[in-house]
Structure formats: C-alpha cells, structure tokens
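# A closer look at the structure
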Amino acid sequence: MGIITVATDFGRVDGYTAAMKGVIKSIAPKSEIIDITDELTGVAKAAFALYRYYSAFPQGTVHLVVVDPGVGSSRKALAGLVHDRFFVGPDNGVFTRVIQSNLALKSIWCEIDVSKLSFRKISPTFHGRDIFAPTAALLSGGKSLDGLGTKISNPVLINIPEPVAEPDFLRGEVIDIDKFGNLITNIPACFVLGNPKASLGEYDSIPFKKTFSDIEEGFPVAYIGSLNYLEIAVNKGRADSFFGASIGSKVGVFF
Amino acid sequence: MGIITVATDFGRVDGYTAAMKGVIKSIAPKSEIIDITDELTGVAKAAFALYRYYSAFPQGTVHLVVVDPGVGSSRKALAGLVHDRFFVGPDNGVFTRVIQSNLALKSIWCEIDVSKLSFRKISPTFHGRDIFAPTAALLSGGKSLDGLGTKISNPVLINIPEPVAEPDFLRGEVIDIDKFGNLITNIPACFVLGNPKASLGEYDSIPFKKTFSDIEEGFPVAYIGSLNYLEIAVNKGRADSFFGASIGSKVGVFF
Amino acid sequence: MGIITVATDFGRVDGYTAAMKGVIKSIAPKSEIIDITDELTGVAKAAFALYRYYSAFPQGTVHLVVVDPGVGSSRKALAGLVHDRFFVGPDNGVFTRVIQSNLALKSIWCEIDVSKLSFRKISPTFHGRDIFAPTAALLSGGKSLDGLGTKISNPVLINIPEPVAEPDFLRGEVIDIDKFGNLITNIPACFVLGNPKASLGEYDSIPFKKTFSDIEEGFPVAYIGSLNYLEIAVNKGRADSFFGASIGSKVGVFF
C-alpha cells in the first residue's frame, strides 16, 4: 500500500477534499494520504504545480489531481502511469506537463470505466469523491490500470508555449508566477549559456546570478530556478509587481 | 489504532492546530491524523462541512471539530458516538447535522469529565489542546465513552430550517454556500420529482439539469447536489453573486 | 522512524512544500509527515508558531521549519537537538524561541554539511527541497547530528524584547497577534500575581479574567494565555482592531 497525494481546487472549508480522503481511507485503509493543496486556481496552475512535485515522490505514488470545472460533462475521467507514478484526474489538461516532460518514456493513459468502481451512486457534480478518489485508492491497493478502464492515446493537453531561438537571442515568456511573485519562464536552463542578460518589459539588462541575494535588495535578478528553467525575481520583493508582469509576458535572453 | 480527523477555525499560521496534533501523537502514537481544515468560519459552517465528510470515513474514525468561541465558559465539552463514528468537540451545535441526520440510529453523547484526562493543566482558552485532542486520542486508542464522561441526552442544536410544502410548490432556503458560490438548499432530493423549475429572487424558472455543464456558460441551473439536496449554481460562474443570494435566501420548487 | 513536522511560508498552490514532502518520503519511507502550515509570514512568526507546538510532539520528532528569504546566501543551514526534539531549517532566527526557552537544557546545533547529503544537485533557490528536507529525513531515519555537519555554538537569534519590572508596575509589549486578533505579550504568567489590571494604549484598567467569556461581549479582557504569557483579547471581537495594536505596542500591568 502506497502514498496517495491529493491536490484540488475545492478550498479547505466545505469538506469536499475531506470527503475524498474519507473514501480513500475506506477503500484503501493502509494507504498514506499526503496533502498537497486545496487551493489550485485552474487547470494550468494544476499542471504546473504537479510538475513541481510529482517526481520527488517515490515510484508507485498515486497523484490525484482534481480541478474539474467540466465535471459531469463528456470530458473523460483519466488514470495514467508515467515515470513509474500513477496519475488520476479529469481529462482536461492537468497532466500536460507530466506528459510533455516524459515523451521519451512509456506512458499509459486509460479512460476510467465507472462501472468498474461500483462503490456508490455517482454524483454528477462530485467525481472527486465518487470516481477519482476510489480509482486512486484501487491503484494504491495494487489494482492494475487495465482493470479500471480502456486505454486512450490522446489525453487532452493544454497549450504551453515553446521558446523561440533567434541568432544571439532567445524569446520566451512567463508561464507561471509563484506565491512570492517570482516569474517562471519557458526558457530551459540548457539554453542559457555564457554570460547573458535577460529582458522583460522596459528592462533590457537584468543580470544573471545564482540566487536572489546575489543582487541588492529591491533589484531584479535572473537565475536558473529549481525546475531548471529561467526565472526572474526581485530580491526581497515581488517581480510580478515590479515589472507589471503576468502569465504570457515576453522575456528575452541576450548572449 | 484508528483515524483522527482534525477540523478547526484556528487558521494555519499560529500553531494552534499543530499543538493539538502534537498532543494526539504523544498520547496515541499509532493514530493517523487526517487534516480536514483550519479555516472553519463558524458553528453553522462546521456543522455543514462535517456532514459532508464524516460518513465517508471508516467506522471507528474519530472526528475532532473545534470551533469554540465560548471556550472556558460553562458550555460543555462533548464526546459522542453516532453511526459508528466518534465525535469530539464543544457542545455548541457543531454536531447538529450529524445528530439530525441520524435520528433513527442509536447515538450516545457524553459530557467530557476533565478530571479523567489528567495530562496537563488545562488552559481556560485552549481546550482544543488540553481537552478535545486528548479525548480524541484516548477514543482512538480504544478508551470507551463511558470512561471519559457522563451521558447527556440533549446536546446543543443550532436551528436548521425545514422546507415547507404547499400544493404544487415547495418553499425552502439557502443553508450553505460553498467556495465556488454554489447555493446548497434545505430541499431534499426525494421532494424533487417530475420536471420542476426552481425560483430564487427574481428568477422563477431556473431549469433542472444533472450538472453545471448541461446549461450554457453564465446561466443558472438547479440540480441535485452531492449531498442529495437541491442546489443552484451558475455554469462557470458564481451563483451567490449572480443572484445576490446569501444564507437564508428563499428558494422555491414548482411542479 | 518518527514524525517529521513541516512548516513553511511557501503557500499551498505552487507545489514547493509538496516537493519537500516527496523528498522526505523518498528518503525515509516510514517517516510520518505532519502538516503544520505553508503560511508562515516571516521569521518572527515562524519562531513564535514553532514555540507553540514543538514540545507537544513526542520526543524524537523532527521539526522542519523553512522560512528562508536568504536562501542561497551565506546564511548557514542548521540542524539541532533541543529538549529531545530535532530542528532543521535556515540559520536566521526561526529557532530563537526554542533556544531561549531551553537555556537550562543541553542543546546541540550543527551547520549542515551539504556534501554529506549527496542526493541531487542543490538548487541555490530551493534549499527546502534539496538540503532541509533530506536532512530531516536522515535524522528521522536515525542518522546522528554529528554525521550531518559541524557543531556551531551561536545560531542566529532574533531580538525578542524582555519585560521591564518597576515598583508596582510591569512594562511589556505585544510580541505576537494570532488569527483571532488576540494580543500575546512578553509578560510571563509568573509575574502576574494578586489582582492586577492591564493597560494598553488609552485603556488603563483592563480587568484580568480566566477566559474571554468572563467579560461582556465586545469588552477587553486580560488573561493568562495557553503559552503562560499575559494576553489581551476582546470577547467575540478582535483586540488588534479594538486597540489599534500591533507588534511592539506597549502593555503594562499594575498591581
């Protein structure tokens, strides 16, 4: 019996995530629930947050991700196996980054066949409790993906922009902003060679350093973040406010 | 040794709930703590949230609920057994919905006798740490309710309004609003037969559907929610804002 | 294998704390993670919150505290043993209250030698994942402090003001404000004898009672809080708003 991580957008006050945890413990009493968050703010954020933690967990971990505005519609319910971890959630793009960062590995995705769960009547508005939590519990207990549904080859992906390389110049954009206002870009570390400068908005020579505190307080800094992508921060400040930046803001790297 | 769920209104930043968890693990090292929330917003919300998750957990689970503005006053400290789950918390109505939804089952409620805990000096302002957490830990470890206090027959109940049936018309009201702005009413599913319409404020023909996405985005929809009560939502919107609705707003069902 | 508590300021939405939990479970699969908070608001708050819960946990517990604005700078990474509990986090003062409240006990603090961790490349901006979580996991698994680093004698302390005694008068100040707006002062219970009054701002005769509800709703009350320090609250109100008080506001006790 293994670990089941639980990430949702249900908030902490209504008891929705709590009901999911109860279902998990009822079906798989020996599973270990690890709380991730109840505060995801959309499919893109879910995809990004999951990418930050999924591979830190041991092989065999079941990652349950429920951000599901289309609950009860024709969107599929998914269970998958990638990089030796299981994934369970709606087929709306929450697994995009896991899928795209593991294209070289074998991955399996199944549409969950709810007739194989048969624990209770399924509420059309709460698949977290009635479909996804039971599926995660069954996988944690050793049930195979094959036994839970039908293989599909094309899970839904959201569009994550790629950086564009020009001579002596790399054009990317902000694809996530964290709680501290740090700007995470789509420019991978391996593209950042030599002693470049970064540009964002009116700022065209943001220096590259190793960490925030390598620059004076209140000044912007570019660095390779903990996900191995270019990030831009302000030491002891918020880069999103400093630059007026948001998701999609253009970022350049000059060599 | 079993599961102890922990729900409070202490917030996450001060370490109050953390201290309760420490006490639990010190008394009942093999118990498994499941985090529910630290963000309950009052007794009525606690009663509703608990109702959403308590029965999803296995028999024997201890549900600890601490929303306790009257801490240290003459309000009793309660421990109970209903529907094969234990409940521990202040006698201020937080268990109202559990009690009222299980009137047909045997239930036992005891006033906790603090002299039987004897773990430490009891702070008059933090019974969560000094009374409720130890009680939950002892119940989880197999101690009987009888050994912890004296039976009482009338735990405090808060007033939860009942719907009123008229010929071809059912009048209820909003009794909870969730994080998404969905309106949960006091009208049970079993009363919603045929092909009715719902009314709320100036809107007198809200269509019944199975789920949010059965209606155009931005439009209101009535449906049977995951608790088997009538709910009203706006597809990809907030019904509370759309209708200007709040707890107590009147809702009708026309047949 | 024991308990690891996890407290950070990372928020719940980005997956940072989640990545730390994954690292812990990968290195120490049998450890038990207890969530404390992701919402610490600074070093002083972290020091205070930790003081509220650390000793409630069993001996051997590892308390991981990551509030680390100076990550990647020359600030040390610390692991310590005080009062039979382990502590892991940045050397910036987060352990101040634990240290100062245990001056009579033997305590050991080590600067973590990252070359002894060797799990992965260390990101200069995420020591929570790459240094502190692995260290906590190793301590939980039985590794000795000696094996993780070099003893130091002077961990960083933040300044926590002491109360000043005058004839028939004690002058202290507000050193923490909790989620409910209650004001925690630096005046210990043992100094509050007889039948004193408290003063704060324009209010010079705040009565001492046992708990909030011993005074009329909306009125201020002084009492000995659950940490055994003088606190000032407003029954069913917020003392911070009532008094316009903040950290550092002066409080007096008159005998």
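Please refer to the structure higher up on the page.
Now for a quick tour of the structure. All values reported here derive from a predicted model rather than from experimental measurement. (Residues numbered from 1 in each chain as written. Chains lettered and ligands numbered in written order. Predicted model: local features only at pLDDT ≥ 70, side-chain atom pairs only at ≥ 80, totals over all residues. Heavy atoms only, no water.)

### Let's talk about the relation of the copies chain C and chain B
Put simply, the test is: Residues below a pLDDT of 70 in either copy are left out; the C-alpha atoms of the rest, at least 70 in both, set the least-squares superposition of the copies. Pairs of residues are marked as contacts when any of their non-hydrogen atoms sit within 4.5 Å.
For the pair chain C and chain B, the best superposition has an RMSD of 0.0 Å and corresponds to a rotation of 120° with a translation of 0.0 Å parallel to the axis. In symmetry terms, the pair is related by a three-fold rotation axis. No C-alpha of chain C lies nearer the rotation axis than that of Asp35 of chain C, which sits 4.5 Å from it. An asymmetric contact is evident, with only 12% of the interface residues of chain C recurring at the interface of chain B.

### As for the sheet that holds strand E2 (residues 32-37) of chain C
Adjacent strands of a sheet pair through backbone hydrogen bonds, lying either parallel or antiparallel. All names here are of chain C. Threshold: A pair of strands is considered paired only if DSSP assigns at least 2 bridges between the two. Secondary structure is summarised from DSSP: a helix means a run of H or I of at least four residues, a strand means a run of E of at least two, and numbering begins at the N terminus for each. What counts as an axis is a line fitted to C-alpha atoms, over the stretch in contact for a helix, and the angles between N-to-C directions run from 0 to 180 degrees.
What the 7 strands build is an open sheet, ordered E2-E1-E3-E5-E4-E6-E7; its pairing is mixed. The open sheet terminates on both sides in strands that have one partner only, identified here as E2 and strand E7 (149-152). Each strand of the sheet is rotated relative to its neighbour by a mean of 25°, with strand direction disregarded. Lying over the sheet, helix H2 (residues 43-53) contacts strand E1 (3-8), E2, strand E3 (62-66) and strand E5 (85-90), oriented at roughly 160° with respect to E3.

### Some words on H2 of chain C
For clarity, the threshold we go by: Type-normalised accessible area, obtained with a 1.4 Å probe on protein chains alone, sets the label of each residue: buried when under 20%, exposed when over 50%, and partly exposed for intermediate values.
Judged by how many residues are buried, H2 of chain C sits mostly within the fold: 10 of 11 residues are covered. Those residues of H2 of chain C lying buried are Val43, Lys45, Ala46, Ala47, Phe48, Ala49, Leu50, Tyr51, Arg52 and Tyr53 of chain C.

### Some remarks on the interface of chain B and chain A
Formally: Accessible area, probed at 1.4 Å, shrinks when two parts are joined; the buried area is that loss added up over both. Criterion for a salt bridge: a side-chain nitrogen of Lys or Arg within 4 Å of a carboxyl oxygen of Asp or Glu. Contacts described as polar in this section are N or O atom pairs within 3.5 Å, which, within protein, must combine one atom able to donate a hydrogen with one able to accept it, while residues neighboring in sequence count only if both atoms come from side chains.
Taken together, the contact between chain B and chain A spans 31 residues of the former and 31 residues of the latter. Roughly 2,500 Å² is buried in total at the junction of chain B and chain A, and carbon and sulfur atoms are behind 55% of that figure. Scanning the region where chain B abuts chain A turns up 3 salt bridges. Its salt-bridge partner being Asp35 of chain B, residue Arg12 of chain A comes within 4.0 Å of it at the nearest N-O pair. Put simply, chain B and chain A have 12 residue pairs in polar contact (both at pLDDT 80 or more) between them. Secondary structure elements with two or more residues in the side of chain B that touches chain A: strand E2 (32-37), helix H2 (43-53) and strand E9 (169-177) of chain B. Take the side of chain B that touches chain A: its biggest share by element is 5 residues, from E2 of chain B.

### Side note on empty space enclosed by the protein
Condition: A cavity here means a set of points on a 1 Å grid, drawn over the protein atoms and nothing else, where a 1.4 Å probe fits but cannot get out; a pocket is an open set with protein on both sides within 12 Å along at least five of seven lines, and a residue lines either one if it has an atom within 4 Å of a point. Grid points are joined across faces, edges and corners, and a volume is the space filled by probe spheres set on the points. Residues are grouped as follows: Ala, Val, Leu, Ile, Met, Phe, Trp, Tyr, Cys and Pro are nonpolar; Asp, Glu, Lys and Arg are charged; all remaining types, including Gly, are polar.
Counting across every chain of the model gives 3 cavities of 30 Å³ or more. What the largest cavity holds in volume is close to 50 Å³. Together, Asp35 and Ile36 of chain A together with Gly11, Arg12, Gly15, Tyr16, Thr17, Ala18, Lys21 and Asp38 of chain C line the largest cavity. Of all the secondary-structure elements, those providing two or more residues to the lining of the largest cavity are strand E2 (32-37) of chain A together with helix H1 (16-27) of chain C. A total of 4 residues in the lining of the largest cavity trace back to one element, the largest contributor, which is H1 of chain C. When its residues are assigned to classes, the lining of the largest cavity shows 3 nonpolar, 3 polar and 4 charged.

### Observations regarding the interface of chain C and chain B
Each partner contributes to the interface: chain C provides 32 residues, whereas chain B provides 31 residues. Buried area between chain C and chain B, summed over both chains or domains, comes out near 2,500 Å², and the portion from carbon and sulfur atoms is 55%. For chain C, the biggest contributors to the area lost against chain B are Arg52, Lys179 and Ser226 of chain C; these three give 22% of the whole. Between Lys45 of chain C and Asp14 of chain B there is a salt bridge, and its shortest N-O distance comes to 2.6 Å. Where chain C touches chain B, the interface holds 12 residue pairs in polar contact (both at pLDDT 80 or more).

### Comments concerning the pairing of strand E15 (residues 250-254) of chain B
Residues and elements named next belong to chain B. Sheet analysis places E9 next to E15, joined by 5 bridges and oriented antiparallel. Each residue of the ladder has a partner; that of Gly172, found in E15, is Val251. Bridge count between strand E11 (residues 197-200) and E15: 4 bridges; the pairing is antiparallel. Paired with Lys197 across the strands is Phe254, a residue of E15.

### Digging into the side chain of Asp68 of chain A
Residue and element names in this part refer to chain A. Its place among the elements puts Asp68 in the loop between strand E3 (62-66) and strand E4 (77-82). Taking relative accessible area as the criterion, Asp68 reaches 11% and is therefore assigned buried. Every residue in contact with Asp68, bar those within four places of it in the chain, is listed here: Asp9, Arg75, Pro90, Asn92, His127 and Phe132.

### Digging into the relation of the copies chain B and chain A
Between chain B and chain A, the superposition needs a rotation of 120° and an axial shift of 0.0 Å, giving an RMSD of 0.0 Å. Interface overlap between copies: only 13% of the residues of chain B at the interface are likewise at the interface in chain A, consistent with a contact formed by different surfaces.

### Structural notes on the pattern of salt bridges
In total, this model carries 39 salt bridges over all chains according to the counting rule given. For the salt bridge of Asp68 of chain B with Arg75 of chain B, the shortest nitrogen-to-oxygen distance reads 2.7 Å.

### Overview of the sheet that holds strand E6 (residues 107-112) of chain A
All names here are of chain A. The 7 strands lie next to each other as E2-E1-E3-E5-E4-E6-E7, forming an open sheet whose pairing is mixed. Both outer strands of the open sheet, E2 and strand E7 (149-152), are each paired with one neighbouring strand and no more. Within the sheet, the average angular offset between the axes of one strand and its neighbour, ignoring direction, is 25°. Where E4 and strand E5 (residues 85-90) come together, 6 bridges link them in antiparallel fashion. Along E5, the bridge assignment pairs Gly80 with Phe87. The strands touched by helix H2 (residues 43-53) within the sheet are strand E1 (3-8), E2, E3 and E5, with E3 carrying the most contacts at an inclination of about 160°.

### Side note on the packing of aromatic side chains
Residue and element names in this part refer to chain A. This is how the line gets drawn: Each pair of aromatic rings taken from Phe, Tyr and Trp, with Trp reduced to its six-membered ring, is defined by centres within 6.5 Å and is described as stacked if the planes are under 30 degrees apart, edge-to-face if over 60, and tilted in the remaining cases.
Tallying each qualifying case throughout the model produces 45 aromatic pairs over all chains. Ring geometry for Phe87 versus Trp109: centroids 6.2 Å apart, planes at 35°, classification tilted. Of this pair, Phe87 sits in strand E5 while Trp109 sits in strand E6, and the two are 22 residues apart along the sequence. Exposure class is identical for Phe87 and Trp109. Each is buried.

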